[in-house]
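# Architecture and fold: a report
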Amino acid sequence: LSLSLSLFLSALQKSDLSDDESGEMTKSLFLLRGASVDNNSAKGGRMRRRRRNAKVVVRMNEEKQKRNPFPLSNFGSGCASNNENGEDDDEDDENDNNNNNNVGKRIPIGGRFLWSNEGKSIGTGLKKLPDFRRNMLEEGTEDVWLKEMEMKHSILDAYGERCVVYKEEERTDLDEACRELLNAVAELLTEQYPERYAITEKNEDGSRMISIPKLDNYKASLEPKSGKEALITAARLSTNEFCIMRRSRNGGEEAQSEKQENGGDFFAREPSEHEFVAGVVCFSFDPKKREGKNLSQLHKPVPNYEEKIEMATRRVFDNLLRKMDEDGGQPLFRANWAIQNSSDLISTDLDWHPTNVKIGGVMNRKHLVEESSTNSFGDIDAMHTGYMDPTQGMPKNVREVGSKMFTRVEYETISKLKTNGFSLFTVKTYLEPLENFSAPEAAESLFVAITEASESELKYKSLENANLKNLILEYLVANLPKVQSSSSSSSSSSSSL
């Protein structure tokens with residue numbers, strides 16, 4: 001059945017149908033999937049289930065019109081509470097008006113961006129970030145936040161400079177940008193999470209201090225001696241990753257000349273690139289491999305980047321930096337997703353990933369994959385780092401998918417720094433086991449995302465293996481809403497499939 005769904009959607013993508021027509025046909029197939037009758041059940045039970053499941057479909061369609069992935073507090077574990085005992089759910093009618101507000105509790109935190117986009121990806125995916133003071137720096141629930149903070153501090157203590165990028169030749173302006181970053185991070189975090197962070201107005205030497213009492217009472221100065229120290233302090237305050245980009249034409253000297261020629265206005269002329277000049281990254285990618293690279297170079301492994309979104313992305317950065325003041329400084333956001341077979345937050349691209357530590361570094365990953373007897377991973381290093389862990393098992397059947405496979409979602413924001421010419425790129429990584437996609441709305445969004453992805457995009461998301469992809473699709477289909485029908489229509493539907 002999973003294969004039938006995949007083939008059906010593949011045919012739709014190649015057809016001349018409009019998006020609305022394709023959507024209606026896809027929705028119809030979802031309904032056919034559940035169009036069955038339990039002949040051993042009483043007629044009353046069938047009617048109640050039919051009425052209850054029809055409500056689910058109606059609610060899903062209504063909610064699609066107003067899906068918002070913010071704020072974080074609106075979303076839950078993703079474990080839907082399903083009534084499986086056949087009891088009447090008519091009492092839900094009086095709560096229908098509240099369901100739109102509570103739907104987020106059925107959506108996993110890591111699945112809310114797919115849910116809000118209905119699984120579809122368009123262009124750069126960048127949108128204006130609502131209420132950025134509340135939504136820009138997400139730290140998650142306290143237990144997860146504390147665990148990730150401890151992990152990040154351990155990584156910085158052990159690997160230090162390998163996590164840090166700081167272009168010394170840009171030092172004069174970059175110092176100012178890094179100090180601005182630290183002050184902004186401290187302000188936003190203490191405002192949003194006053195129970196986790198505290199600022200002491202004056203230390204013994206007259207400087208302001210910030211502390212995290214629950215993190216072994218960690219303390220740091222908000223008036224560091226250097227910009228690099230400010231950058232690292234900002235990184236130690238948050239589970240988010242921070243990357244500072246500088247807008248330039250061909251690099252430092254010409255960019256500085258351009259700034260002087262235009263009376264200090266860095267944005268008077270059209271730029272060509274934005275360069276990664278500073279940052280601290282512990283979880284999502286190896287910053288040393290991207291140091292000094294521009295947007296085009298950073299996105300080189302991304303499927304169809306040059307032909308689809310390179311100019312659009314560069315234009316977005318340009319417009320962002322030039323016009324953000326007109327929008328009151330409102331940042332932009334987007335989210336990327338991939339699939340992995342472990343609960344490790346650290347990317348397999350990093351030497352401090354637990355598996356890479358065991359096998360002696362990233363350089364030995366490919367050899368380990370080639371030795372794998374199951375050969376289930378494919379060429380995971382062909383296009384980018386890949387997120388599969390060759391030392392972890394893969395699901396052997398549909399039942400194992402929920403606990404063994406995870407979505408890896410990277411929530412990204414882009415904002416302008418007041419320091420002329422600099423912008424801030426942040427990354428917050430969420431892991432979600434597929435068993436948390438039990439709500440029909442969540443299952444449908446991931447199903448659509450997978451079936452609509454191109455072959456190169458599937459490879460980039462670690463889903464190039466057809467067997468694995470079909471297992472995941474079959475698992476998700478089981479969570480789509482089932483709408484009861486007559487036995488005759490059920491029979492004809494089954495025969496047509």
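As shown above, the structure is provided for reference.
Residues numbered from 1 in each chain as written. Predicted model: local features only at pLDDT ≥ 70, side-chain atom pairs only at ≥ 80, totals over all residues. Heavy atoms only, no water.

Our focus in this paragraph is the overall build of the chain. Counting its secondary structure elements, the chain contains 20 helices and ten strands. When burial is assessed residue by residue, the chain has 51% of its 497 residues classed as buried. Intrachain contacts of the chain at a sequence separation of at least 6 include 74% that bridge at least 24 residues. For the chain, the accessible area works out to roughly 23,200 Å², and carbon and sulfur atoms hold 46% of it. (Helix = DSSP H or I, 4+ residues; strand = E, 2+ residues; numbered from the N terminus. Buried < 20%, exposed > 50% of the residue type's maximum accessible area, 1.4 Å probe, protein only. Contact = heavy atoms within 4.5 Å. Areas by Shrake-Rupley, 256 points an atom, 1.4 Å probe, with all protein chains shown as cover.)

A few words on the packing of helix α7 (residues 142–159) against helix α9 (residues 227–237). Helix-helix packing is described using two parameters, namely the angle between the two axes and the distance between the axes. The N-to-C vectors of α7 and α9 enclose an angle of 150 degrees; their axes lie 9 Å apart at closest approach. Looking at the two axes, α7 sits roughly antiparallel to α9. Of the residues in α9, those in contact with Met 149, Lys 152, His 153, Leu 156 and Asp 157 of α7 are Ala 235, Arg 236 and Leu 237. Taken together, the residues that form the contact of α7 with α9 break down as four nonpolar, one polar and three charged. (Axes fitted to C-alpha atoms, helices over the stretch in contact; angles between N-to-C directions. Parallel < 35°, antiparallel > 145°, perpendicular 65-115°, else oblique. Nonpolar A, V, L, I, M, F, W, Y, C, P; charged D, E, K, R; others polar.)

As a packed pair, helix α17 (residues 440–452) and helix α19 (residues 466–477) sit with axes 9 Å apart at the nearest point and diverge in direction by 150 degrees. Relative to α19, the element α17 is oriented roughly antiparallel. Classified by chirality, the crossing of α19 by α17 is left-handed. Contacts between α17 and α19 involve Ala 443, Leu 446, Phe 447, Ile 450 and Thr 451 from the first element and Lys 469, Ile 472, Leu 473, Leu 476 and Val 477 from the second. Tallied by class, residues from the contact of α17 with α19 come to eight nonpolar, one polar and one charged. (Left-handed = near helix turned anticlockwise from the far one by under 90°.)

Another aspect to go through is the side chain of Asn 356. Within the secondary structure layout, Asn 356 lies in helix α14 (residues 354–359). Residue Asn 356 is classed as buried on the basis of its relative accessible area, which comes to 2%. Apart from residues no more than four positions distant in its own chain, Asn 356 is found in contact with Thr 348, Leu 350, Asp 351, Gly 361, Val 362 and Arg 365.

For the coordinates displayed, the defined rule picks out nine aromatic pairs. Ring geometry for Phe 75 and Trp 115: centres 5.6 Å apart, planes at 70 degrees, overall edge-to-face. Note that Phe 75 is positioned in the loop between α3 (43–63) and α4 (96–102) and Trp 115 in helix α5 (residues 112–116), a separation of 40 residues in sequence. The pair Phe 75 / Trp 115 is uniform in exposure class, with both members buried. A ring pair is formed by Trp 145 and Tyr 197, whose centres lie 5.8 Å apart and whose planes are at 65 degrees; its orientation type is edge-to-face. Taken together, the residues span a long stretch of sequence, with Trp 145 in helix α7 and Tyr 197 in the loop between α8 (171–192) and β3 (198–200) at a distance of 52 residues. Pair check on accessibility: Trp 145 and Tyr 197 agree, each one buried. Feature note: the residues Phe 70, Phe 113, Phe 333 and Tyr 411 constitute an aromatic cluster, connected by ring pairs. Its guanidinium or amino end placed over the ring of Phe 75, Arg 112 lies 5.9 Å from that ring's centre, counting from NZ or CZ. (Phe/Tyr/Trp six-rings, centres within 6.5 Å; stacked < 30°, edge-to-face > 60°. Lys NZ or Arg CZ within 6 Å of the ring centre and 35° of its normal.)

Spatial strand order, β1-β8-β9-β10-β6-β7-β2: seven strands in an open sheet with antiparallel pairing. Every interior strand has two partners, whereas the edge strands, β1 (127–128) and β2 (164–166), have only one. Here nine bridges tie strand β8 (residues 332–340) to strand β9 (residues 406–416), and the two strands are oriented antiparallel to one another. Looking at the pairing, Arg 334 lines up with Glu 412 of β9. Here α8 sits on the sheet in contact with β2, β6 (241–248), β7 (273–280) and β10 (422–433), set at roughly 140 degrees to β6. (Pairing = 2+ DSSP bridges.)

Moving on: the pattern of salt bridges. As enumerated under the stated definition, the model contains 16 salt bridges in all. Arg 106 is paired through a salt bridge with Glu 441; the nearest N and O atoms lie 2.4 Å apart. Here Arg 106 is found in the loop between α4 and α5, whereas its partner Glu 441 is found in helix α17, with 335 residues between them in sequence. With relative accessibility at 21%, the residue Arg 106 sits in the partly exposed group. (Salt bridge = Lys/Arg side-chain N within 4 Å of Asp/Glu carboxyl O.)

Buried residues dominate β8, accounting for seven of its nine residues. Bridge count for β1 against β8 is two bridges, and the pairing is antiparallel. Note that in β8 the partner of Lys 128 across the bridge is Leu 332.

Turning next to the pairing of strand β5 (residues 218–221). By the bridge criterion, four bridges tie strand β4 (residues 209–212) to β5 in an arrangement that is antiparallel. Its bridge partner lying in β5, Ile 212 is registered against Tyr 218. With antiparallel pairing between neighbouring strands as the criterion, β4 and β5 make up a hairpin whose turn holds five residues, including Asp 216 at a positive phi of roughly 50 degrees.

Let us look at the environment of Leu 424. Tracing the backbone through its elements, the reader meets Leu 424 in strand β10. Note on Leu 424: relative accessible area 4%, which makes it buried. Along the chain, Leu 424 and Leu 181 lie 243 residues apart, while their C-alpha atoms are 8.3 Å from each other. For Leu 424, the residues in contact, after removing those within four places along its chain, are Met 136, Leu 181, Phe 242, Cys 243, Ile 244, Thr 413, Ile 414, Ser 415 and Leu 417.

The next subject is α7. The end-to-end C-alpha distance of α7, which contains 18 residues, comes to 25 Å, matching closely the 26 Å that a straight helix rising 1.5 Å per residue would cover. Within the sequence span of α7, burial applies to Trp 145, Glu 148, Met 149, Lys 152, His 153, Ile 155 and Leu 156. Projection of α7 onto a plane perpendicular to its axis shows the buried side chains occupying an angular sector of 160 degrees, all on one side. Opposite the buried face of α7, by more than 90 degrees, sit the exposed residues Asp 143, Lys 147, Asp 157 and Ala 158. Here the buried face of α7 lies against β4, β5, α9, β7 and β10. Positive backbone phi, approximately 40 degrees, marks Gly 160, located one or two places after α7. (Expected span 1.5 Å × (residues − 1). Arc of directions from axis to C-beta.)

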